[in-house]
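Structural overview for review
Spelled out, the chains give:
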Amino acid sequence: MELFSVIFPAKWGALADRLYVRLSLEANQLHKIGQSVRFHCESYPTHAAVRCEAVLPGFNLSESGSGIYRFAAETLASFIMDQMENMLIRDIISGPYKYEDPAEIEAIGKYCDQVLHQGESEAISQPSRLRRQSKIADAICAYLEEHTDLHLEGFIRFRLKDYTDELREVAEYAIDEYIMEQQYQEFISLLKYFVYIQDTKIPVAHLIHHGGSDFTIYNEQMMPIDSEMFEGFTLELLDKEINFEDMIVSTLISVSPSQIVIHTREPEEQSIKTIVQIFEERATVCHYCKHCASAFVSGKNHDQLYP
């Protein structure tokens, strides 16, 4: 007796094989269900189907069916998230949002993956996955209890609207992040161009990092630099829509040092990475030296550092 079939469109034929393998393996691990049913996969020109059949004589659907449906629903829900979620979200990126370049789709998809999957081993992110998986499983189980054929593509589109809406929200967020990153990289490239065309004005600038975007600049004698002595460069000349808070870059471009030594306890701070990215081989990160010791012990409110 056939209990149910999960039907895939021909374009998803390979997924049908994978679902068949997963259902068969996981059913065999459950003694009662493994002895009650068997699965097989069939391929046709227009579709593929994974079918579940009762194998025990006198199988009582009213007694055993609910457990089998719940097992199948939970397995299929996990399968959708593991095997299909990336494909579904990339279809959203290339469909409603009309991105066609494979490289752009892949880049945006990676932002989506970070939101959906990063840190899944951590307790803080597990509830999100379990919540989504539970809602999908509940919908599938309720459907299988009333229908024998589950057309997966249509089911996802029309019966899992909350799930697909959530994926669409993730895609929207990822697209915004991608656009901001592109704008940021264009901005960095423009700053690198200004650095390139500037003639060097001083041999060395020591950049004392006090945390975050808080810096003090000193010259090679470790005397505070007055940037007003140099021809000014201001980020206000650039695209004002770009949110670039670290005005220290404007000062560094103005004084145009041949070498920048960044004294910091936080080399992974984003502001440090940005300065290194802009000034490239001119910038060196110093983790600890006598200038670091003087700055970090004395604090930033001193007037002069001595070599």
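Summarised in this report is the structure supplied together with it. (Residues numbered from 1 in each chain as written. Predicted model: local features only at pLDDT ≥ 70, side-chain atom pairs only at ≥ 80, totals over all residues. Heavy atoms only, no water.)

Spatially, S2-S3-S1-S4 is the arrangement adopted by the four strands of the open sheet, whose pairing is mixed. Looking at strand neighbours, the two that pair on one side only are strand S2 (37–43) and strand S4 (149–151), the edges of this open sheet. Between one strand and the next, the sheet's axes are offset by a mean angle of 15°, whatever the strand orientation. Its contacts with the sheet place helix H1 (residues 13–29) against strand S1 (2–9), S2 and strand S3 (47–54), and it is angled at close to 170° to S2. The strands touched by helix H6 (residues 152–159) are S1 and S4; relative to S4, the strand with the most contacts, the crossing angle is about 70°. (Pairing = 2+ DSSP bridges. Helix = DSSP H or I, 4+ residues; strand = E, 2+ residues; numbered from the N terminus. Axes fitted to C-alpha atoms, helices over the stretch in contact; angles between N-to-C directions. Contact = heavy atoms within 4.5 Å.)

Here the focus is the sheet that holds strand S5 (residues 202–211). Reading across the sheet, the four strands line up as S6-S5-S7-S8 and stay open at both edges, with mixed pairing between neighbours. The open sheet terminates on both sides in strands that have one partner only, identified here as strand S6 (214–218) and strand S8 (283–286). Each strand axis lies, on average, 25° off the axis of its neighbour in the sheet, ignoring direction. Strand direction decides the pairing type here: S5 and strand S7 (residues 257–263), joined by six bridges, are parallel. Bridge pairing in S7 links Ile202 to Pro257.

The subject of this paragraph is the pattern of salt bridges. Within the structure shown, the criterion is met by 18 salt bridges. Arg51 serves as the salt-bridge partner of Glu42, at 2.8 Å between the closest nitrogen and oxygen. Take Glu42: its relative accessible area is 23%, and that puts it in the partly exposed class. Between Glu106 and Arg90 there is a salt bridge, and its shortest N-O distance comes to 3.6 Å. Taken together, the residues Glu106 in helix H4 (residues 102–117) and Arg90 in helix H3 (residues 61–94) connect sequence positions 16 residues apart. Residue classification places Glu106 among the partly exposed positions, given a relative accessible area of 36%. What emerges from the salt-bridge pattern is a single network uniting Glu2, Glu42 and Arg51. (Salt bridge = Lys/Arg side-chain N within 4 Å of Asp/Glu carboxyl O. Buried < 20%, exposed > 50% of the residue type's maximum accessible area, 1.4 Å probe, protein only.)

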